[in-house]
Amino acid sequence: MRDPLSVVTDAFTSFLFGKVETTRLPVRTSTGQAQAVYLPTAAPGLGDSGVIIGREVYSGKGYIYDPFQLYGQQLPAPHWLVLGESGNGKSALEKTYVLRQLRFRDRQVVVLDAQGEDGVGEWNLIAQELGITPIRLDPMAALDHGIRLNPLDPSITTTGQLALLRTIIEVAMGHGLDERSGFALKVAHAYVNETIVERQPVLSDIVEQLRHPEPESAEAMNVAIDDVRAWGLDVALVLDRLVDGDLRGMFDGPTTVGIDLDAPLIVFDLSHIDRNSIAMPILMAIVGVWLEHTWIRPDRKKRIFLVEEAWHIINSPFVAQLFQRLLKFGRRLGLSFVAVVHHLSDVVDGAAAKEAAAILKMASTRTIYAQKADEARATGRVLGLPRWAVEIIPTLTPGIAVWDVNGNVQVVKHLVTETERPLVFTDRAMTESSADLSDDVLRAAEREAEERAAAFVEQHVGDSESTVA
(Lines give C-alpha, C1' and ligand atoms only; values in the text may rest on other atoms or scores of the structure.)
Protein backbone atom coordinates (compact mmCIF):
# COMPACT_ATOMS: atom_id res chain seq x y z
CA MET A 1 0.00 0.00 0.00
CA ARG A 2 1.06 3.55 -0.69
CA ASP A 3 1.80 5.70 2.33
CA PRO A 4 -0.80 8.34 3.30
CA LEU A 5 1.56 11.22 2.49
CA SER A 6 1.94 10.12 -1.15
CA VAL A 7 -1.81 9.77 -1.56
CA VAL A 8 -2.41 13.28 -0.20
CA THR A 9 0.36 14.73 -2.40
CA ASP A 10 -1.03 13.15 -5.60
CA ALA A 11 -4.55 14.31 -4.80
CA PHE A 12 -3.36 17.88 -4.21
CA THR A 13 -1.29 17.87 -7.45
CA SER A 14 -4.24 16.57 -9.45
CA PHE A 15 -6.46 19.26 -7.96
CA LEU A 16 -4.03 22.02 -9.01
CA PHE A 17 -2.77 20.76 -12.40
CA GLY A 18 -5.27 18.13 -13.47
CA LYS A 19 -4.51 14.43 -14.13
CA VAL A 20 -0.84 13.60 -14.63
CA GLU A 21 -1.59 10.67 -17.03
CA THR A 22 -4.27 10.49 -19.70
CA THR A 23 -5.89 7.41 -21.21
CA ARG A 24 -6.22 7.45 -25.03
CA LEU A 25 -9.02 5.54 -26.65
CA PRO A 26 -7.94 3.24 -29.54
CA VAL A 27 -8.60 4.55 -33.02
CA ARG A 28 -9.77 2.09 -35.68
CA THR A 29 -8.38 2.91 -39.13
CA SER A 30 -6.88 1.27 -42.22
CA THR A 31 -3.24 0.72 -43.11
CA GLY A 32 -3.80 2.94 -46.14
CA GLN A 33 -4.50 5.89 -43.80
CA ALA A 34 -2.04 4.91 -41.08
CA GLN A 35 0.89 4.31 -43.42
CA ALA A 36 2.11 7.88 -42.82
CA VAL A 37 3.13 6.72 -39.34
CA TYR A 38 5.78 4.45 -40.85
CA LEU A 39 8.87 5.28 -42.87
CA PRO A 40 8.55 4.74 -46.66
CA THR A 41 9.44 1.18 -47.70
CA ALA A 42 9.69 -0.67 -51.01
CA ALA A 43 10.03 -4.30 -51.98
CA PRO A 44 13.59 -5.44 -52.71
CA GLY A 45 14.69 -5.45 -56.36
CA LEU A 46 16.19 -8.28 -58.37
CA GLY A 47 19.80 -7.21 -58.03
CA ASP A 48 22.03 -4.93 -60.04
CA SER A 49 23.38 -7.34 -62.67
CA GLY A 50 21.68 -7.72 -66.01
CA VAL A 51 19.55 -5.69 -68.41
CA ILE A 52 17.98 -2.38 -67.38
CA ILE A 53 14.24 -2.53 -68.05
CA GLY A 54 13.11 0.79 -66.57
CA ARG A 55 12.13 1.92 -63.12
CA GLU A 56 9.84 0.56 -60.44
CA VAL A 57 6.86 2.92 -60.25
CA TYR A 58 6.22 2.68 -56.51
CA SER A 59 9.78 3.33 -55.28
CA GLY A 60 11.37 4.97 -58.33
CA LYS A 61 14.27 2.51 -58.22
CA GLY A 62 15.86 1.19 -61.38
CA TYR A 63 14.49 -2.21 -62.43
CA ILE A 64 17.07 -4.70 -63.71
CA TYR A 65 16.21 -8.16 -64.96
CA ASP A 66 18.24 -11.02 -66.39
CA PRO A 67 16.98 -14.63 -66.33
CA PHE A 68 20.50 -16.00 -66.69
CA GLN A 69 21.74 -14.14 -63.62
CA LEU A 70 18.67 -15.05 -61.56
CA TYR A 71 18.38 -18.70 -62.65
CA GLY A 72 19.05 -21.17 -59.87
CA GLN A 73 18.80 -18.61 -57.08
CA GLN A 74 15.66 -16.52 -57.55
CA LEU A 75 14.30 -18.27 -60.65
CA PRO A 76 13.57 -22.00 -60.98
CA ALA A 77 13.33 -21.59 -64.78
CA PRO A 78 14.59 -18.87 -67.17
CA HIS A 79 11.46 -18.78 -69.35
CA TRP A 80 9.27 -15.67 -69.65
CA LEU A 81 5.62 -14.98 -70.55
CA VAL A 82 4.54 -11.53 -71.83
CA LEU A 83 0.80 -10.75 -71.85
CA GLY A 84 -1.36 -7.78 -72.74
CA GLU A 85 -3.65 -6.03 -75.19
CA SER A 86 -2.18 -4.63 -78.39
CA GLY A 87 -0.78 -1.10 -78.25
CA ASN A 88 0.39 -1.23 -74.65
CA GLY A 89 4.12 -1.72 -75.15
CA LYS A 90 4.78 -5.46 -75.48
CA SER A 91 6.62 -5.03 -78.78
CA ALA A 92 8.73 -2.15 -77.47
CA LEU A 93 9.72 -4.21 -74.42
CA GLU A 94 10.73 -7.23 -76.54
CA LYS A 95 12.88 -5.18 -78.91
CA THR A 96 14.71 -3.12 -76.30
CA TYR A 97 15.25 -6.25 -74.20
CA VAL A 98 16.89 -8.03 -77.14
CA LEU A 99 18.99 -5.00 -78.11
CA ARG A 100 20.25 -4.64 -74.54
CA GLN A 101 20.93 -8.36 -74.16
CA LEU A 102 23.03 -8.34 -77.32
CA ARG A 103 25.47 -5.93 -75.66
CA PHE A 104 26.72 -8.97 -73.76
CA ARG A 105 29.13 -10.96 -75.92
CA ASP A 106 27.89 -14.38 -74.85
CA ARG A 107 24.26 -13.84 -75.94
CA GLN A 108 22.44 -15.08 -79.03
CA VAL A 109 18.82 -14.43 -79.94
CA VAL A 110 16.37 -16.08 -82.34
CA VAL A 111 13.11 -14.26 -83.07
CA LEU A 112 10.05 -15.73 -84.79
CA ASP A 113 8.63 -12.50 -86.24
CA ALA A 114 4.99 -13.17 -87.04
CA GLN A 115 3.86 -9.55 -87.53
CA GLY A 116 4.76 -6.76 -89.89
CA GLU A 117 3.71 -4.08 -92.34
CA ASP A 118 4.74 -2.88 -95.80
CA GLY A 119 5.77 -6.42 -96.75
CA VAL A 120 8.41 -6.88 -94.05
CA GLY A 121 8.42 -8.11 -90.47
CA GLU A 122 8.44 -5.88 -87.39
CA TRP A 123 12.06 -6.76 -86.67
CA ASN A 124 13.33 -5.74 -90.10
CA LEU A 125 14.68 -2.35 -88.96
CA ILE A 126 16.60 -3.85 -86.06
CA ALA A 127 18.03 -6.58 -88.30
CA GLN A 128 19.16 -3.95 -90.81
CA GLU A 129 20.74 -1.85 -88.06
CA LEU A 130 22.77 -4.88 -86.96
CA GLY A 131 23.72 -5.83 -90.52
CA ILE A 132 21.61 -9.01 -90.51
CA THR A 133 19.33 -10.31 -93.26
CA PRO A 134 16.10 -11.83 -91.90
CA ILE A 135 15.26 -15.38 -92.95
CA ARG A 136 12.01 -14.81 -94.79
CA LEU A 137 9.79 -17.87 -95.03
CA ASP A 138 7.33 -17.21 -97.82
CA PRO A 139 5.68 -19.90 -100.01
CA MET A 140 5.82 -17.73 -103.14
CA ALA A 141 9.43 -16.65 -102.59
CA ALA A 142 10.46 -20.22 -101.83
CA LEU A 143 9.30 -21.31 -105.26
CA ASP A 144 11.77 -18.82 -106.70
CA HIS A 145 14.86 -20.14 -104.90
CA GLY A 146 13.81 -18.71 -101.52
CA ILE A 147 14.49 -20.04 -98.03
CA ARG A 148 13.66 -23.68 -97.31
CA LEU A 149 13.79 -25.69 -94.09
CA ASN A 150 13.88 -29.46 -94.53
CA PRO A 151 12.11 -31.51 -91.83
CA LEU A 152 14.41 -34.38 -92.85
CA ASP A 153 17.60 -32.31 -92.51
CA PRO A 154 20.45 -34.70 -91.56
CA SER A 155 21.36 -32.38 -88.67
CA ILE A 156 18.12 -33.49 -86.99
CA THR A 157 18.29 -36.90 -85.35
CA THR A 158 16.24 -39.75 -86.80
CA THR A 159 14.00 -39.71 -83.72
CA GLY A 160 13.58 -35.95 -84.03
CA GLN A 161 12.66 -36.25 -87.70
CA LEU A 162 9.97 -38.85 -87.01
CA ALA A 163 8.54 -36.81 -84.10
CA LEU A 164 8.45 -33.72 -86.31
CA LEU A 165 6.71 -35.57 -89.15
CA ARG A 166 4.08 -36.85 -86.74
CA THR A 167 3.51 -33.33 -85.39
CA ILE A 168 3.13 -31.84 -88.88
CA ILE A 169 0.58 -34.49 -89.83
CA GLU A 170 -1.36 -34.26 -86.55
CA VAL A 171 -1.59 -30.45 -86.76
CA ALA A 172 -2.85 -30.66 -90.35
CA MET A 173 -5.36 -33.44 -89.55
CA GLY A 174 -6.51 -31.92 -86.27
CA HIS A 175 -6.15 -35.19 -84.36
CA GLY A 176 -3.52 -37.70 -83.35
CA LEU A 177 -2.27 -40.46 -85.61
CA ASP A 178 -3.71 -43.87 -84.99
CA GLU A 179 -1.40 -46.87 -84.61
CA ARG A 180 -1.75 -48.09 -88.19
CA SER A 181 -1.03 -44.70 -89.78
CA GLY A 182 1.85 -44.25 -87.37
CA PHE A 183 3.31 -47.58 -88.43
CA ALA A 184 3.05 -46.72 -92.13
CA LEU A 185 4.85 -43.42 -91.51
CA LYS A 186 7.55 -45.07 -89.42
CA VAL A 187 8.46 -47.73 -91.99
CA ALA A 188 8.38 -45.21 -94.85
CA HIS A 189 10.70 -42.87 -92.94
CA ALA A 190 13.07 -45.70 -92.01
CA TYR A 191 13.29 -46.90 -95.63
CA VAL A 192 13.98 -43.41 -97.00
CA ASN A 193 16.75 -42.78 -94.45
CA GLU A 194 18.40 -46.13 -95.20
CA THR A 195 18.32 -45.91 -98.98
CA ILE A 196 18.88 -42.23 -99.80
CA VAL A 197 22.47 -41.41 -98.85
CA GLU A 198 23.83 -39.29 -101.72
CA ARG A 199 21.60 -36.28 -100.98
CA GLN A 200 19.26 -34.93 -98.31
CA PRO A 201 16.04 -36.94 -98.08
CA VAL A 202 13.01 -34.70 -98.65
CA LEU A 203 9.27 -34.92 -98.02
CA SER A 204 8.49 -36.06 -101.55
CA ASP A 205 10.54 -39.19 -100.83
CA ILE A 206 8.31 -39.98 -97.85
CA VAL A 207 5.15 -39.36 -99.90
CA GLU A 208 6.38 -41.68 -102.65
CA GLN A 209 7.21 -44.43 -100.16
CA LEU A 210 3.82 -44.12 -98.47
CA ARG A 211 2.10 -44.55 -101.83
CA HIS A 212 4.32 -47.45 -102.84
CA PRO A 213 5.45 -49.25 -99.67
CA GLU A 214 8.09 -51.96 -99.78
CA PRO A 215 6.98 -55.61 -99.38
CA GLU A 216 9.35 -55.98 -96.41
CA SER A 217 7.28 -53.53 -94.37
CA ALA A 218 4.17 -55.66 -94.84
CA GLU A 219 5.98 -58.90 -94.12
CA ALA A 220 7.33 -57.54 -90.82
CA MET A 221 3.76 -57.16 -89.55
CA ASN A 222 2.41 -60.24 -91.41
CA VAL A 223 -0.14 -58.14 -93.29
CA ALA A 224 -0.88 -57.51 -96.97
CA ILE A 225 0.99 -54.78 -98.83
CA ASP A 226 -2.35 -53.18 -99.72
CA ASP A 227 -3.10 -52.80 -96.02
CA VAL A 228 0.11 -50.86 -95.39
CA ARG A 229 -0.66 -48.67 -98.41
CA ALA A 230 -4.16 -47.96 -97.10
CA TRP A 231 -2.84 -47.13 -93.63
CA GLY A 232 -0.50 -44.51 -95.05
CA LEU A 233 -2.90 -42.95 -97.57
CA ASP A 234 -4.16 -40.12 -95.33
CA VAL A 235 -0.60 -39.40 -94.18
CA ALA A 236 0.57 -39.18 -97.80
CA LEU A 237 -2.26 -36.78 -98.67
CA VAL A 238 -1.33 -34.44 -95.80
CA LEU A 239 2.37 -34.42 -96.69
CA ASP A 240 1.49 -33.93 -100.35
CA ARG A 241 -0.01 -30.57 -99.38
CA LEU A 242 3.47 -29.48 -98.25
CA VAL A 243 4.98 -30.74 -101.50
CA ASP A 244 2.48 -29.80 -104.22
CA GLY A 245 -0.32 -27.97 -102.41
CA ASP A 246 -0.80 -24.45 -101.05
CA LEU A 247 2.06 -24.86 -98.55
CA ARG A 248 4.64 -25.97 -101.10
CA GLY A 249 8.00 -24.32 -101.40
CA MET A 250 9.05 -23.92 -97.76
CA PHE A 251 9.62 -27.51 -96.60
CA ASP A 252 9.86 -29.65 -99.73
CA GLY A 253 13.57 -29.42 -100.52
CA PRO A 254 17.01 -29.43 -98.89
CA THR A 255 17.65 -26.80 -96.23
CA THR A 256 18.96 -23.59 -97.76
CA VAL A 257 22.73 -23.31 -97.49
CA GLY A 258 24.20 -20.24 -95.83
CA ILE A 259 21.93 -19.67 -92.82
CA ASP A 260 24.32 -18.16 -90.27
CA LEU A 261 23.64 -19.90 -86.97
CA ASP A 262 26.52 -18.03 -85.30
CA ALA A 263 25.03 -14.57 -85.83
CA PRO A 264 24.11 -12.72 -82.62
CA LEU A 265 20.55 -12.22 -83.91
CA ILE A 266 18.61 -14.57 -86.20
CA VAL A 267 15.19 -13.34 -87.35
CA PHE A 268 12.70 -15.70 -89.00
CA ASP A 269 10.28 -13.44 -90.86
CA LEU A 270 6.90 -15.20 -90.86
CA SER A 271 4.89 -12.08 -91.70
CA HIS A 272 3.91 -13.45 -95.14
CA ILE A 273 2.24 -16.50 -93.58
CA ASP A 274 -1.49 -16.36 -92.87
CA ARG A 275 -1.62 -16.26 -89.07
CA ASN A 276 -4.95 -18.12 -89.03
CA SER A 277 -3.85 -21.00 -91.26
CA ILE A 278 -2.35 -24.32 -90.19
CA ALA A 279 0.88 -23.22 -91.87
CA MET A 280 1.84 -21.08 -88.86
CA PRO A 281 1.89 -23.81 -86.15
CA ILE A 282 3.50 -26.25 -88.63
CA LEU A 283 6.17 -23.70 -89.46
CA MET A 284 6.85 -22.92 -85.82
CA ALA A 285 7.17 -26.64 -85.06
CA ILE A 286 9.68 -27.15 -87.88
CA VAL A 287 11.72 -24.09 -86.89
CA GLY A 288 11.70 -25.12 -83.23
CA VAL A 289 12.92 -28.66 -83.86
CA TRP A 290 15.48 -27.51 -86.42
CA LEU A 291 16.89 -24.99 -83.93
CA GLU A 292 16.93 -27.61 -81.19
CA HIS A 293 19.30 -29.77 -83.23
CA THR A 294 21.38 -27.09 -84.96
CA TRP A 295 21.44 -23.89 -82.88
CA ILE A 296 21.31 -24.97 -79.22
CA ARG A 297 24.73 -26.30 -78.32
CA PRO A 298 26.71 -26.91 -75.10
CA ASP A 299 29.10 -24.01 -75.75
CA ARG A 300 28.32 -21.89 -72.65
CA LYS A 301 26.47 -19.25 -74.69
CA LYS A 302 23.22 -17.84 -73.33
CA ARG A 303 20.44 -18.09 -75.90
CA ILE A 304 17.05 -16.37 -76.09
CA PHE A 305 14.26 -17.81 -78.24
CA LEU A 306 11.52 -15.19 -78.64
CA VAL A 307 8.21 -16.16 -80.26
CA GLU A 308 5.55 -13.64 -81.18
CA GLU A 309 1.99 -14.91 -81.55
CA ALA A 310 3.04 -17.80 -79.31
CA TRP A 311 -0.55 -18.98 -78.94
CA HIS A 312 0.07 -20.90 -82.20
CA ILE A 313 2.47 -23.04 -80.18
CA ILE A 314 0.71 -23.20 -76.83
CA ASN A 315 -2.76 -23.74 -78.26
CA SER A 316 -1.86 -26.78 -80.36
CA PRO A 317 -1.44 -29.91 -78.22
CA PHE A 318 0.95 -31.48 -80.74
CA VAL A 319 3.20 -28.43 -81.18
CA ALA A 320 3.02 -27.66 -77.46
CA GLN A 321 4.38 -31.12 -76.66
CA LEU A 322 7.34 -30.52 -78.99
CA PHE A 323 8.11 -27.16 -77.39
CA GLN A 324 7.65 -28.55 -73.90
CA ARG A 325 10.48 -30.97 -74.62
CA LEU A 326 12.53 -28.17 -76.18
CA LEU A 327 12.13 -26.00 -73.06
CA LYS A 328 13.21 -28.79 -70.75
CA PHE A 329 16.14 -29.70 -72.96
CA GLY A 330 17.21 -26.11 -73.61
CA ARG A 331 17.10 -25.02 -69.98
CA ARG A 332 20.13 -27.18 -69.22
CA LEU A 333 22.02 -25.55 -72.09
CA GLY A 334 21.30 -21.91 -71.27
CA LEU A 335 18.07 -21.32 -73.25
CA SER A 336 15.50 -18.71 -72.21
CA PHE A 337 12.16 -19.02 -74.03
CA VAL A 338 10.07 -15.83 -74.34
CA ALA A 339 6.41 -16.32 -75.30
CA VAL A 340 4.36 -13.27 -76.31
CA VAL A 341 0.55 -13.61 -76.34
CA HIS A 342 -2.38 -11.22 -76.15
CA HIS A 343 -4.81 -13.10 -73.93
CA LEU A 344 -4.24 -16.00 -71.59
CA SER A 345 -7.75 -17.23 -72.40
CA ASP A 346 -6.46 -17.89 -75.94
CA VAL A 347 -4.46 -20.80 -74.59
CA VAL A 348 -5.88 -22.01 -71.25
CA ASP A 349 -9.35 -22.62 -72.71
CA GLY A 350 -8.15 -24.28 -75.90
CA ALA A 351 -7.68 -27.85 -76.98
CA ALA A 352 -4.19 -27.92 -75.47
CA ALA A 353 -5.17 -26.76 -71.97
CA LYS A 354 -3.05 -29.45 -70.29
CA GLU A 355 0.03 -28.75 -72.41
CA ALA A 356 -0.50 -24.99 -72.06
CA ALA A 357 -0.59 -25.30 -68.27
CA ALA A 358 2.70 -27.21 -68.35
CA ILE A 359 4.41 -24.52 -70.47
CA LEU A 360 2.99 -21.71 -68.32
CA LYS A 361 4.30 -23.46 -65.24
CA MET A 362 7.81 -23.32 -66.71
CA ALA A 363 7.55 -19.54 -67.14
CA SER A 364 8.83 -18.22 -63.82
CA THR A 365 8.68 -14.63 -65.12
CA ARG A 366 5.36 -13.06 -66.13
CA THR A 367 4.89 -9.53 -67.46
CA ILE A 368 1.29 -8.34 -67.75
CA TYR A 369 0.31 -5.17 -69.59
CA ALA A 370 -3.16 -3.59 -69.53
CA GLN A 371 -6.11 -5.93 -69.92
CA LYS A 372 -9.84 -5.60 -69.49
CA ALA A 373 -11.09 -6.24 -65.95
CA ASP A 374 -12.58 -9.68 -66.65
CA GLU A 375 -9.46 -10.79 -68.54
CA ALA A 376 -7.28 -9.47 -65.70
CA ARG A 377 -9.23 -11.50 -63.15
CA ALA A 378 -8.88 -14.65 -65.27
CA THR A 379 -5.15 -13.98 -65.67
CA GLY A 380 -4.78 -13.45 -61.93
CA ARG A 381 -6.45 -16.79 -61.17
CA VAL A 382 -4.30 -18.74 -63.62
CA LEU A 383 -1.01 -17.09 -62.65
CA GLY A 384 -1.75 -16.74 -58.92
CA LEU A 385 -1.27 -12.96 -58.83
CA PRO A 386 -2.00 -10.99 -55.62
CA ARG A 387 -5.32 -9.16 -55.51
CA TRP A 388 -3.83 -5.67 -55.67
CA ALA A 389 -1.96 -6.59 -58.88
CA VAL A 390 -5.15 -7.93 -60.50
CA GLU A 391 -6.99 -4.72 -59.62
CA ILE A 392 -4.31 -2.46 -61.05
CA ILE A 393 -3.93 -4.23 -64.43
CA PRO A 394 -7.02 -2.61 -66.09
CA THR A 395 -5.76 0.86 -65.04
CA LEU A 396 -2.27 0.50 -66.51
CA THR A 397 -1.25 2.90 -69.26
CA PRO A 398 1.04 2.03 -72.20
CA GLY A 399 4.59 1.27 -71.12
CA ILE A 400 3.67 0.25 -67.56
CA ALA A 401 3.25 -3.41 -66.59
CA VAL A 402 2.99 -5.73 -63.61
CA TRP A 403 6.09 -7.92 -63.33
CA ASP A 404 5.91 -11.18 -61.41
CA VAL A 405 9.36 -12.74 -61.10
CA ASN A 406 8.80 -15.96 -59.16
CA GLY A 407 6.54 -14.18 -56.64
CA ASN A 408 8.41 -10.86 -56.55
CA VAL A 409 5.65 -8.58 -57.89
CA GLN A 410 6.43 -5.02 -58.99
CA VAL A 411 4.85 -2.33 -61.13
CA VAL A 412 7.45 -1.27 -63.69
CA LYS A 413 7.67 1.62 -66.14
CA HIS A 414 9.59 0.53 -69.24
CA LEU A 415 12.05 3.17 -70.46
CA VAL A 416 13.10 3.57 -74.10
CA THR A 417 16.20 5.62 -75.00
CA GLU A 418 16.25 8.15 -77.83
CA THR A 419 18.61 5.88 -79.76
CA GLU A 420 16.22 2.93 -79.47
CA ARG A 421 13.04 4.87 -80.22
CA PRO A 422 13.20 4.87 -84.08
CA LEU A 423 14.01 1.14 -84.06
CA VAL A 424 11.34 0.19 -81.55
CA PHE A 425 8.27 2.21 -82.48
CA THR A 426 7.78 0.94 -86.01
CA ASP A 427 3.98 1.16 -86.29
CA ARG A 428 3.35 3.97 -88.75
CA ALA A 429 0.07 5.15 -87.24
CA MET A 430 1.61 5.39 -83.80
CA THR A 431 4.75 7.19 -84.96
CA GLU A 432 2.85 9.67 -87.12
CA SER A 433 0.46 10.62 -84.34
CA SER A 434 3.15 10.90 -81.70
CA ALA A 435 5.37 12.99 -83.96
CA ASP A 436 2.98 15.90 -83.59
CA LEU A 437 3.42 15.94 -79.81
CA SER A 438 6.21 17.93 -78.26
CA ASP A 439 8.68 16.28 -75.91
CA ASP A 440 7.19 18.27 -73.02
CA VAL A 441 3.72 16.86 -73.70
CA LEU A 442 5.07 13.31 -73.93
CA ARG A 443 6.99 13.66 -70.67
CA ALA A 444 3.93 15.12 -68.95
CA ALA A 445 1.83 12.17 -70.11
CA GLU A 446 4.41 9.72 -68.81
CA ARG A 447 4.55 11.48 -65.44
CA GLU A 448 0.77 11.40 -65.18
CA ALA A 449 0.71 7.68 -65.94
CA GLU A 450 3.36 6.96 -63.32
CA GLU A 451 1.57 9.06 -60.70
CA ARG A 452 -1.71 7.24 -61.36
CA ALA A 453 -0.06 3.85 -60.97
CA ALA A 454 1.83 4.89 -57.85
CA ALA A 455 -1.32 6.32 -56.27
CA PHE A 456 -3.23 3.13 -56.99
CA VAL A 457 -0.52 0.94 -55.50
CA GLU A 458 -0.27 3.19 -52.44
CA GLN A 459 -4.00 2.89 -51.90
CA HIS A 460 -4.38 -0.84 -52.55
CA VAL A 461 -1.20 -2.64 -51.53
CA GLY A 462 -2.14 -2.53 -47.88
CA ASP A 463 -5.90 -2.28 -47.64
CA SER A 464 -6.48 -4.51 -44.64
CA GLU A 465 -7.71 -2.78 -41.51
CA SER A 466 -5.61 -2.46 -38.36
CA THR A 467 -5.91 -0.87 -34.92
CA VAL A 468 -3.48 1.87 -33.89
CA ALA A 469 -3.37 2.87 -30.23
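Here the structure is a predicted model, which means the values were calculated and not measured.

Colleague: Help me understand the overall build of the protein in this model?
Modeller: When helices and strands are tallied, the protein shows 22 helices and 15 strands. Buried residues in the protein amount to 48% of all 469 residues. Once local pairs closer than 6 in sequence are excluded, the contacts in the protein between residues at least 24 apart make up 74%. Carbon and sulfur atoms make up 53% of the accessible area of the protein, which totals about 23500 Å².

Colleague: When you look at unusual backbone geometry in this model, what are you seeing that I'm missing?
Modeller: Where the residue is not glycine, phi is negative for most of them; where a peptide bond is considered, it is trans in most cases. In this model, arginine 300 sits at a positive phi of 70°, which is unusual for a non-glycine residue. With respect to the element layout, arginine 300 can be found in the loop between α13 (279-294) and β10 (302-307). Unlike most non-glycine residues, asparagine 406 shows phi in positive territory, near 50°. Looking at where asparagine 406 falls in the secondary structure, it is placed in the loop between β13 (400-405) and β14 (408-414).

Colleague: How should the nonpolar core be read in this particular structure?
Modeller: Here is a general trend for soluble globular proteins: nonpolar side chains tend to be buried in one another's company. If you look at the biggest cluster of nonpolar residues, it comprises 95 residues, and the most contacted ones within it are Leu81, Leu239, Phe268, Leu270 and Phe305. Counting residues per element, this core draws most heavily on α13, at eleven residues. What phenylalanine 305 contacts, discounting residues up to four positions off in sequence, is Val110, Leu112, Gly288, Leu291, Trp295, Phe323, Leu326, Leu335, Ser336, Phe337 and Val338. Judged by nonpolar contacts, the second largest core, of 32 residues, contains Leu75, Val82, Ala127 and Ala401.

About the cut-offs
- Residues numbered from 1 in each chain as written.
- Predicted model: local features only at pLDDT ≥ 70, side-chain atom pairs only at ≥ 80, totals over all residues.
- Heavy atoms only, no water.
- Helix = DSSP H or I, 4+ residues; strand = E, 2+ residues; numbered from the N terminus.
- Buried < 20%, exposed > 50% of the residue type's maximum accessible area, 1.4 Å probe, protein only.
- Contact = heavy atoms within 4.5 Å.
- Areas by Shrake-Rupley, 256 points an atom, 1.4 Å probe, with all protein chains shown as cover.
- Core = buried A, V, L, I, M, F, W, Y, C linked by side-chain atoms within 4.5 Å.

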